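Residue-level structural notes
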Amino acid sequence: NAAYAKGELERFRHLITHSNAATAMLLLPVAALFWLCAPEMVEIMYKKQNMAAAPVMRVYLIGMMINAFAIGHVLPALNLGRFNTLNNGVVLLCSVALSLAGVHWFGLPGAALGSVLGLAISEFWSATVVAGKLQISVATLLSWRKLWPTLASSGVALALAMLISSRLNWPVWPLVLGKGALFVLFWLPCFLAMGGRAQLRTMRKFD
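Reference entry: report on the structure contained in this document. Counting from 1, residues in each chain are numbered in the order their sequence is written. Note on the predicted model: pLDDT of at least 70 is required for a residue's local features to be given, and 80 or more for side-chain atom pairs to be given and counted; whole-chain, interface and lining totals, by contrast, use all residues. Excluded from the side-chain calculation are hydrogens and water; included are all heavy atoms of the structure.

**Some remarks on the overall build of the chain**
When you go through the chain residue by residue, the secondary structure sums to 10 helices and zero strands. When the helices and strands of the chain are placed in sequence order, the string is α-α-α-α-α-α-α-α-α-α. Dimensions of the chain along its principal axes, counting C-alpha atoms only, are 60 × 45 × 25 Å. Out of the 207 residues in the chain, the part that is buried amounts to 40%. The contact criterion used is simple: two residues touch if any of their non-hydrogen atoms lie within 4.5 Å. Put simply, 74% of the contacts in the chain that link residues at least 6 apart link residues at least 24 apart. With residues, only the protein chains shown are counted as cover, and all accessible areas are computed by Shrake-Rupley using a 1.4 Å probe. Element-wise, carbon and sulfur atoms account for 69% of the exposed surface of the chain, whose accessible area totals about 11500 Å². Averaging the coordinates of the 16 positive side-chain charges in the chain and doing the same for the 6 negative ones gives two points 5 Å apart. Helix and strand assignments come from DSSP, with helices taken as H or I runs of at least 4 residues and strands as E runs of at least 2, each series counted from the N terminus. Only protein chains enter the accessibility calculation, which uses a 1.4 Å probe. A residue is then buried if its area is under 20% of the maximum for its type, exposed if over 50%, and partly exposed in between. We count Lys and Arg on the positive side and Asp and Glu on the negative side, and we leave His and both chain ends out. Taken as the charge centre is NZ of Lys, CZ of Arg, CG of Asp or CD of Glu, depending on the residue.

**What about the packing of helix H5 (residues 81-106) against helix H6 (residues 108-134)?**
Inter-axis angles, ranging from 0 to 180 degrees, are taken between N-to-C directions of lines fitted to C-alpha atoms, where helices are fitted over the stretch in contact. Where H5 contacts H6, the two axes come as close as 7 Å, and the packing angle between them is 155°. Overall, the two elements H5 and H6 adopt an arrangement that is roughly antiparallel. Every pair of crossing elements has a handedness; the one defined by H5 and H6 is right-handed. Classification convention: Asp, Glu, Lys, Arg as charged; Ala, Val, Leu, Ile, Met, Phe, Trp, Tyr, Cys, Pro as nonpolar; all other residues, Gly among them, as polar. Among the residues making up the contact of H5 with H6, the classes are represented as 14 nonpolar, 10 polar and no charged. Just so you know how the angles are binned, under 35 degrees is roughly parallel, over 145 roughly antiparallel, 65 to 115 roughly perpendicular, and the rest oblique. Less than a right angle of anticlockwise turn of the near helix away from the far helix marks a crossing as left-handed, whereas a clockwise turn marks it as right-handed.

**Section: H6**
By this rule the span expected of a helix is its residue count minus one, scaled by 1.5 Å. Under the 1.5 Å per step criterion, the end-to-end length of H6 is 39 Å for 27 residues, consistent within 8% with the ideal 39 Å. Taken together, the buried positions of H6 are Gly110, Ala112, Gly114, Val116, Gly118, Ser122, Glu123, Ser126, Ala127, Val130, Ala131 and Leu134. On its buried side, H6 packs onto helix H2 (9-36), helix H4 (53-66), H5 and helix H7 (138-142). Gln135 sits one or two positions beyond H6 and adopts a positive phi of about 60°.

**A word on the nonpolar core**
Among buried residues, the Ala, Val, Leu, Ile, Met, Phe, Trp, Tyr and Cys ones that are joined through side-chain atoms within 4.5 Å form a nonpolar core. By size, the foremost hydrophobic cluster in this structure holds 37 residues, and its most contacted members are Phe12, Ile71, Val130 and Leu141. In terms of residue count, H2 provides more of this core than any other element does, 10 residues in total. In contact with Ile71, not counting residues within four places along its chain, are Ile16, Asn20, Glu123, Ser126, Ala127, Val130, Leu141 and Leu142. Counting residues in hydrophobic clusters, the runner-up holds five residues, among them Val56, Val59, Ala112 and Val116.

Structure, rendered in structure tokens:
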């Protein structure tokens, strides 16, 4: 708020990109790990008869990952409260329509997918408006260069851990621990190899 009020747009952009990168560093790998272990988590919490909840959980975890790219929270600081209200109203209607269509075609996972798509539409629309206000592109605003190490390493670790764990016929608790160990084993070297050290150094200079 103070940066925008003083006309310090460069600092405003800096704070947005750094806060999103910091959020992504925690949110993306944690959500990816939960996505990997979703069936086991459902079995532990709700027993095997409720395994149909696992796909729904995975869809909502995708929504959590989208929050790593969220921009809508800065709309009030840019005096865009009216747009924020319009965005919320329009996207709510879209989300309801998409959820109804999703539940018709895909059941409960489809209903969850409608909500997640609504979130994605809202955040992309917000990012477009904020980027225009700050006179930069959406790609620059989201700072893909800063997000890339976490995003890529989470994807690689998730794919490799799924590939290996699919061959494991272990009881639920050892399987959860095994999946977690595999994910961390693949994520950490990938993160460092893809520029994670530079991202960590950047986070130390957040202000």
